[in-house]
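Structure at a glance
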Amino acid sequence: MPETILEVTGITRRFGGLIAVNDVSFAVQRDEIFGLIGPNGAGKTTLFNLITGLTHPSSGKLFLMGQDVTHQRPHQIAAKGIARTFQNIRLFGNLTALENVMVAQHVHTSSGVFSGIIGTPKARREERHVREQALHLLDMVNLADRAETVARNFPYGDQRRLEIARALALQPQVLLLDEPGAGMNPNEKAGLSGFIREVKEKFALTVVLIEHNVPMVMGLCDRIAVLNFGQLIALGNPAQVQADPAVIEAYLGDEG
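Attention in this report is confined to the structure presented alongside it.

Cut-offs used in this document
- Residues numbered from 1 in each chain as written.
- Predicted model: local features only at pLDDT ≥ 70, side-chain atom pairs only at ≥ 80, totals over all residues.
- Heavy atoms only, no water.
- Helix = DSSP H or I, 4+ residues; strand = E, 2+ residues; numbered from the N terminus.
- Buried < 20%, exposed > 50% of the residue type's maximum accessible area, 1.4 Å probe, protein only.
- Contact = heavy atoms within 4.5 Å.
- Areas by Shrake-Rupley, 256 points an atom, 1.4 Å probe, with all protein chains shown as cover.
- Phe/Tyr/Trp six-rings, centres within 6.5 Å; stacked < 30°, edge-to-face > 60°.
- Lys NZ or Arg CZ within 6 Å of the ring centre and 35° of its normal.
- Salt bridge = Lys/Arg side-chain N within 4 Å of Asp/Glu carboxyl O.
- Pairing = 2+ DSSP bridges.
- Axes fitted to C-alpha atoms, helices over the stretch in contact; angles between N-to-C directions.
- Polar contact = N/O pair within 3.5 Å; in protein donor to acceptor, adjacent residues only side chain to side chain.

With respect to the overall build of the protein chain
Counting its secondary structure elements, the protein chain contains eleven helices and ten strands. Sorting the 256 residues of the protein chain into buried and exposed places 49% on the buried side. Considering only intrachain contacts with a sequence separation of at least 6, the fraction spanning at least 24 residues in the protein chain is 65%. Of the roughly 12100 Å² of accessible surface on the protein chain, a fraction of 51% belongs to carbon and sulfur atoms.

As for the packing of aromatic side chains
In total, this model carries one aromatic pair according to the counting rule given. Here the basic side chain of Arg13 rests over the ring of Phe15, its NZ or CZ set 4.4 Å away from the ring centre.

Things to note about the pattern of salt bridges
For the coordinates displayed, the defined rule picks out ten salt bridges. One salt bridge connects Glu163 with Arg160, and the closest N-O pair in it is separated by 3.7 Å. Taken as a pair, Glu163 and Arg160 lie in helix 6 (residues 156–168) at a separation of three residues, close to a single helical turn. Here the two residues Glu163 and Arg160 agree in accessibility, since each one is buried. Here the salt bridges do not stand alone but share partners, grouping Asp145, Arg146 and Asp158 into one network.

Things to note about the sheet that holds strand 8 (residues 206–210)
Pairing in this open sheet of six strands is mixed, and the strands run 6-7-8-3-9-10 from one edge to the other. Lying at the two open borders of the sheet, with one neighbouring strand each, are strand 6 (82–84) and strand 10 (231–236). Each strand of the sheet is rotated relative to its neighbour by a mean of 20 degrees, with strand direction disregarded. Bridge count between strand 3 (residues 33–37) and strand 9 (residues 223–228): four bridges; the pairing is parallel. Bridge pairing in strand 9 links Ile37 to Val226. Sitting on the sheet, helix 6 is in contact with strand 6 and strand 7 (174–178), with an inclination near 155 degrees to strand 7.

Quick notes on the side chain of Thr206
Inspection of the secondary structure puts Thr206 in strand 8. Here Asp31 takes part through its backbone nitrogen, which lies 2.8 Å from a polar atom of the side chain of Thr206. Not counting chain neighbours up to four residues away, the residues in contact with Thr206 comprise Ile5, Val28, Gln29, Arg30, Asp31, Glu32, Gln173, Val174 and Leu175.

What to know about the side chain of Thr52
With respect to the secondary-structure elements, Thr52 resides in the loop between helix 1 (44–51) and strand 4 (59–64). Polar contacts involving the side chain of Thr52 include one to the side chain of Arg84, which spans 3.4 Å. When residues no more than four places from it in sequence are discounted, the contact partners of Thr52 are Pro74, Ile77, Ile82, Arg84 and Leu176.

Notes on helix 3 (residues 97–105)
Since one α-helical turn is 3.6 residues long, residues separated by three or four positions face the same way. With seven of nine residues buried, helix 3 lies mostly within the body of the structure. Taken as a whole, helix 3 has its buried residues at Ala97, Leu98, Asn100, Val101, Met102, Ala104 and Gln105.

Some words on the pairing of strand 7
Successive side chains on a regular strand alternate, one facing one side of the sheet and the next facing the other. Across the five residues of strand 7, five count as buried, placing the element largely inside the fold. Residues Val174, Leu176 and Asp178 point to one face of strand 7 and Leu175 and Leu177 to the other, with burial holding for every one of them. Sheet analysis places strand 6 next to strand 7, joined by three bridges and oriented parallel. Directly across from Ala83, in strand 7, lies its bridge partner Leu175. In this sheet, strand 8 lies alongside strand 7 in parallel orientation, the contact comprising five bridges. Bridge pairing links Asp178 to Ile210 in strand 8.

Quick word on the sheet that holds strand 2 (residues 18–29)
Taken together, the four strands give an open sheet; going across it, the order is 2-1-4-5, and neighbouring strands pair in antiparallel fashion. The strands lining the two open edges of the sheet, one partner per strand, are strand 2 and strand 5 (67–68). Along the sheet, helix 1 contacts strand 1 (4–15), strand 2 and strand 4; its crossing angle with strand 1, the most-contacted strand, is approximately 115 degrees.

Regarding unusual backbone geometry
When glycine is set aside, most residues are seen to have a negative phi, and most peptide bonds are trans. Positioned with a positive phi, Asp23 is a non-glycine residue whose angle comes to about 55 degrees. On the secondary structure map, Asp23 appears in strand 2. Backbone geometry places Met65, a non-glycine residue, at a positive phi of 50 degrees. Within the secondary structure layout, Met65 lies in the loop between strand 4 and strand 5. Exposure remark for Met65: the relative accessible area of 31% places this residue in the partly exposed category.

Dropping the structure here:
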């Protein structure tokens, strides 16, 4: 049987009288690409925030590789193997591409601040290793030739690639992509599916993504969950989801 790597069980999140996510349950299997779709306001990004610890659930449980991470903080969940990108890009705009990736890698170093300041041999070795690994990641996303370029000067599509490289620097087992195609022009979007598949294979990742481009999701994902008004209304492979009357009425019908 496939191995469950991420499990969401009865997750609910209330904001005052508003229920943003309502009793949602699903499991993501290792090595799959899992899509999360639904109309605007369906609760997709809130669910990502719950999975990554940015928001805590009102009720329900979250499990990563069988471990309960429901009430853990974002850095604790990241250290256990989840990394994400954001719908609105959150790069350090005044830092170079190389520096953006190196910052993320420091979660896996052991030298303290004092060691870094005085430049102990161990700290210098770790810094060299972090730099080499950052350059390798930039090469993987075809940005190594612009490693010293300030992040804010990149085109939008390349900023997306840089954000993914920074997420990969956390050495995740699960990569969450929140609307990776948002803001991209048609040419940039055309190569996005292939890029996601390439990253998944090279880094042996499980990928969970939110995306409004329905044809892209249907062609890319192994399974898809559909949210509407915070509730899970469908779960299955692309053919099953496309044929579901509730999905057609709530989401796919609007696309047509």
